[in-house]
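Residue strings, one per chain:
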Amino acid sequence: MEWLVDASAVVGLGWYVVLWALALLGCWTARTRYRTRPHSPLASADDAPGVSILRPLKGLDTNLYENLESTFTQEYPHFEILLSVADEHDQALAIVRDLIAKYPHVNARIITGLSSSITPSSVDLFHVGEETVGVNPKVNNLVRSYREAAHDILWVIDSNISVAPGTLARSVDILTRSPSQNSPGRRIALVHHVPFAIVHENCLGAAVEQAFLNTNHARMYLAINTVAIESCVVGKSNLYRRSDLERVDGSLKPKPANVDSFTRKCGLSAFGSFLAEDNMIASALWHELDLRHDLSCDTANNAIGKMSLADYVWRRVRWIRVRKQMVLAATLAEPFTECFVASSIAAASLRHLFAVSPWIFFPIHLVAWLWVDFDVCESLAGHPVPSGIRWRFIGAWFIRELLALPIFFLAIFGNEVVWRGERYQVMQAGRVTSTPRRVSYPRKWLRWATTVDHTNEYEPLATDQLT
């Protein structure tokens, strides 16, 4: 059996080398793509294609005013903004009205059911409500905006995201360039932006979430999209063409160009049964139309407010359980890509093959791994991690790495997820069904972390202030 142990050690060391190759690729991509962000000629071009910006809203997300304002201030000559709500008493409406009044030259309107426009001088809502096409509330909120958008190019951007003024122009540059300019020689059907977390509240869960998104997640996200052998998209901020989306249905089966889309359910409404509709849309464009995605050199700045450690844990559990049903093999491989698991495999392999002491290897590994993650974070941020929060960031990074494996085991043995207080059952291919009862965190030992101080968040607005 000695040969089997030798072979396992060689495989383990080979796996570690592959992980480092991906880590360095992600680091290199962050350095080359994000440290310099060029000005796009489309920012001042009279013939720039029109873009409809779709922003689904629900409640007062952290930094909501600044997030929405970042789309009003895009340096692009031809765009409209459609802001959709599902509830006539939604607190986001007051902020939207303020922004529409502040930027009267921007073509912006609120999608409000039967009435789809609003101006500072006409603010009565005749009917508000979402169109239900599935269990995904975001898709239900977006359907009317999707249908009423004036332009073929759509930019769907979450309400907790802000972007730089040149983001739209640079993204349209990529979306409209000739297929011959793309490395796979195929047309780009979707442009996405790597999430970059910005913490607005001093709490442990938010710090751990920031450490995850800005290091481990960003590094692997950039590496996978650079290799580009499979679709890998997070839907915080995506540009695509409605005409392309109208040709896909989420089956991930190739579609001949001459097949009539009216014979099947296509377009945005076809993705209402998926919780991760953004990932499924990207996969459908990739597999059904044989088109490709690309990243721009911009980040989707994700504002993180009050988040307890339990909030972070159950958020990670949710998306692992969704991914398990969508890409099982990749999900099962995920623990072996984590810092401590990968280093344990490498240490055992090196000890067996070359008699290298783990006490020598582990410190070198941790310092090198942390340095790469810091470099990725600083490349995306455009500046070093501030000295005042550096040790706090390192502490959150270690907590994230230590929690990775326990969270995985908690997530892998179950199919139920909680999103915005509602329970969903995740089924094959990532489709979900909802259950009617509202839920709380099921672990008593986590209740200590669910208590959140809301004193620094937006104050609820009275109903008469929303009209």
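One can find the structure itself at the top, above this paragraph.
Remember, predicted model here, so these are calculated numbers, not experimental data.

The rules behind these values
Residues numbered from 1 in each chain as written. Predicted model: local features only at pLDDT ≥ 70, side-chain atom pairs only at ≥ 80, totals over all residues. Heavy atoms only, no water. Salt bridge = Lys/Arg side-chain N within 4 Å of Asp/Glu carboxyl O. Buried < 20%, exposed > 50% of the residue type's maximum accessible area, 1.4 Å probe, protein only. Helix = DSSP H or I, 4+ residues; strand = E, 2+ residues; numbered from the N terminus. Contact = heavy atoms within 4.5 Å. Axes fitted to C-alpha atoms, helices over the stretch in contact; angles between N-to-C directions. Left-handed = near helix turned anticlockwise from the far one by under 90°. Nonpolar A, V, L, I, M, F, W, Y, C, P; charged D, E, K, R; others polar. Expected span 1.5 Å × (residues − 1).

Asks: So what exactly am I meant to see when it comes to the pattern of salt bridges here?
Replies: Opposite charge on two side chains allows them to pair when their charged atoms are near. The final tally for this structure, using the stated rule, is 23 salt bridges. Between Asp 244 and Arg 247 there is a salt bridge, with the nearest N and O atoms lying 3.8 Å from each other. By relative accessible area, which is 3% here, Asp 244 ends up buried. Of the residues examined, Arg 247 reaches a relative accessible area of 32% and is grouped as partly exposed.

Asks: Just to check I follow, could you spell out the environment of Leu 403 for this structure?
Replies: Assignment of secondary structure puts Leu 403 in helix α13 (residues 390-412). Relative accessible area serves as the criterion here: at 21%, Leu 403 is assigned to the partly exposed category. C-alpha of Leu 403 to C-alpha of Val 313: the two residues are 90 residues apart in sequence and 8.4 Å apart in space. With sequence-adjacent residues up to four places away left out, Leu 403 is seen in contact with Leu 309 and Tyr 312.

Asks: Help me understand the packing of helix α11 (residues 339-354) against helix α12 (residues 358-381) in this model?
Replies: Helix packing geometry: the angle between the two helix axes and the distance between the axes. Between α11 and α12, the least distance of the axes is 10 Å, while the angle of their chain directions is 145°. Along this stretch, α11 crosses α12, giving a crossing that reads as right-handed. Across from Cys 339, Phe 340, Ser 343, Ser 344, Ala 346, Ala 347, Leu 350 and Arg 351 in α11, the residues of α12 making contact are Pro 358, Phe 361, Phe 362, His 365, Leu 366 and Trp 369. Classifying every residue of the contact of α11 with α12 by side-chain character gives ten nonpolar, three polar and one charged.

Asks: Can you help me understand α11 in this one?
Replies: Given 3.6 residues per turn, any residue in an α-helix points the same way as the ones three and four places further on. Its 16 residues give α11 an end-to-end C-alpha distance of 21 Å, which sits within 8% of 22 Å, the value for a rise of 1.5 Å per residue. Cys 339, Val 341, Ala 342, Ser 343, Ala 346, Ala 347, Ser 349 and Leu 350 are the residues of α11 that are buried. Residues of α11 that are buried make contact with α1 (2-34), α12 and α13. At the C-terminal side of α11, Ala 355 shows a positive phi close to 55°.

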